[in-house]
Amino acid sequence: GKVKCHRYWPDNTRLPLNICDGGYEVRLMRHKSLEHVDISYIRMTDLHTQHTHSLMHLNFTTWPDHGAPQDTLPILRYIRLVHLCQPPEAGPTVVHCSAGIGRTGALITIDIALALVAADAKIDMQRIVQDLRRQRQGVIQTKDQYTLCYRALYEALTSLLPEGTHTQLQQS
């Protein structure tokens, strides 16, 4: 198939990547694989100034391109992990998939909706997507990705309800 996004991080600790005509070194310091997520600790070095920057790279590994996972719980856990790993003084989180619009758009939409829940604000999924599309054309590529956002929000909200309420809601 067509390559949409080249691998930009090393896959082993022994061999760093040299990028930008050898101006920078990207080195994998350590790596951990979980059920749905690969966690890589990476150090980037400007070889001219020797300035280094360390980062944590979280890669959600079980979300198919142009598709949507059936189970939303791993995505909700992933979003929580992203927030737990983000130091308060850090800059913005960078989110991307191969093309940067389908899975990326769905993940950001879910994250925004969850932030609105936490702020006890009105949630308008269509508006969230429209606002994101003003910034990045084509955000959320498929109907399945769009409905995933609703399913994830539903899963998150029902997990907040007292025990048994979910069953009562389904019966009414």
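This text follows the structure it describes.
What you see is a predicted model, and the numbers here were worked out from it, not measured in a lab.

Chemist: Sorry if this is basic, but what is going on with the pattern of salt bridges here?
Modeler: Should the charged atoms of two oppositely charged side chains come close, the side chains can pair. Scanning all chains against the criterion turns up three salt bridges. When the shortest N-O distance is used, the salt bridge between E25 and R27 registers 3.5 Å. R27 sits in the partly exposed class, given a relative accessible area of 21%. Where salt bridges share partners, they join R127, D131 and R134 into one cluster.

Chemist: Help me out: how do you make sense of the layout of surface pockets in this one?
Modeler: Rolled over the atoms, a probe sized like a water molecule indicates the empty space that remains. Put simply, the largest pocket is a space of about 1,200 Å³. Taken together, 39 residues line the largest pocket, and the ones lying closest to its centre are H57, L58, Y78, V94 and V95. Every element with two or more residues in the lining of the largest pocket is listed here: β3 (37–46), β4 (52–60), α1 (73–85) and α2 (102–118). Tallying contributions element by element places β4 first for the lining of the largest pocket, with eight residues. Tallied by class, residues from the lining of the largest pocket come to 24 nonpolar, 13 polar and two charged. Empty space within the second largest pocket amounts to approximately 420 Å³. In this structure, the second largest pocket is lined by 16 residues; those nearest its centre are L76, R80, L114, A156 and L160. Secondary structure elements with two or more residues in the lining of the second largest pocket: α1, α2 and α4 (143–160).

Chemist: I tried to follow the nonpolar core on my own but got confused; where do I start?
Modeler: A general trend in soluble globular proteins is that nonpolar side chains are found buried together. Within the largest apolar cluster, 26 residues are counted, with the highest numbers of intra-cluster contacts made by W63, I75, Y78, I110 and L148. Leave out the neighbours within four places in its chain, and L148 touches W63, A68, P69, T72, I75, A106 and I110.

Chemist: What am I meant to see in helix α3 (residues 125–135) here?
Modeler: Residues spaced three or four apart along an α-helix point in a common direction, a consequence of the helix completing one turn every 3.6 residues. What α3 keeps buried is the set M125, I128, V129 and L132. Down the axis of α3, the buried set is contained in an arc of 95°. They therefore lie on one face. Summarising the contacts, the buried residues of α3 are in contact with α2 and α4.

Chemist: Looking at this structure, I do not really get the sheet that holds β3. What am I missing?
Modeler: The strands making up a sheet are joined through hydrogen bonds of the backbone, oriented either antiparallel or parallel. What the four strands build is an open sheet, ordered β1-β2-β3-β4; its pairing is antiparallel. Sheet topology places β1 (17–19) and β4 at the edges, where each strand pairs with a single neighbour. Taken pair by pair, the neighbouring strands of this sheet meet at an average axis angle of 30°, ignoring direction. Running over the sheet, α1 touches β3 and β4 and is turned about 170° from β4.

Chemist: Help me out: how do you make sense of the side chain of Q145 in this one?
Modeler: The topology assignment puts Q145 in helix α4. Residue Q145 is classed as buried on the basis of its relative accessible area of 0%. At a separation of 3.4 Å, a polar atom in the side chain of Q145 contacts the main-chain carbonyl oxygen of G67. Among the polar contacts listed, one links the side chain of Q145 to the backbone nitrogen of Q141, at a separation of 2.7 Å.

Chemist: In this structure, what is going on with the pairing of β3? I would like to understand it.
Modeler: Working note: regular strand, side chains alternate between the two faces of the sheet. By the criterion of burial, β3 is predominantly enclosed, with seven of the 10 residues buried. Examined bridge by bridge, strand β2 (residues 24–33) and β3 share nine bridges and lie antiparallel to one another. Looking at the pairing, K32 lines up with I39 of β3. The turn joining β2 and β3, which pair antiparallel and follow one another in sequence, is formed by three residues. Two strands pair when backbone bridges link them, and β3 and β4 are joined in this way by nine bridges, in the antiparallel orientation. Directly across from R43, in β4, lies its bridge partner S54. Linking two consecutive strands that pair antiparallel, namely β3 and β4, is a turn of five residues; a positive phi of about 65° is found at Q50 within it.

Reading guide: rules and limits
- Residues numbered from 1 in each chain as written.
- Predicted model: local features only at pLDDT ≥ 70, side-chain atom pairs only at ≥ 80, totals over all residues.
- Heavy atoms only, no water.
- Salt bridge = Lys/Arg side-chain N within 4 Å of Asp/Glu carboxyl O.
- Buried < 20%, exposed > 50% of the residue type's maximum accessible area, 1.4 Å probe, protein only.
- 1 Å grid on protein atoms, 1.4 Å probe; cavity = no way out; pocket = protein on both sides within 12 Å on 5 of 7 lines; lining within 4 Å.
- Points joined across faces, edges and corners; volume = space filled by probe spheres on them.
- Helix = DSSP H or I, 4+ residues; strand = E, 2+ residues; numbered from the N terminus.
- Nonpolar A, V, L, I, M, F, W, Y, C, P; charged D, E, K, R; others polar.
- Core = buried A, V, L, I, M, F, W, Y, C linked by side-chain atoms within 4.5 Å.
- Contact = heavy atoms within 4.5 Å.
- Arc of directions from axis to C-beta.
- Pairing = 2+ DSSP bridges.
- Axes fitted to C-alpha atoms, helices over the stretch in contact; angles between N-to-C directions.
- Polar contact = N/O pair within 3.5 Å; in protein donor to acceptor, adjacent residues only side chain to side chain.

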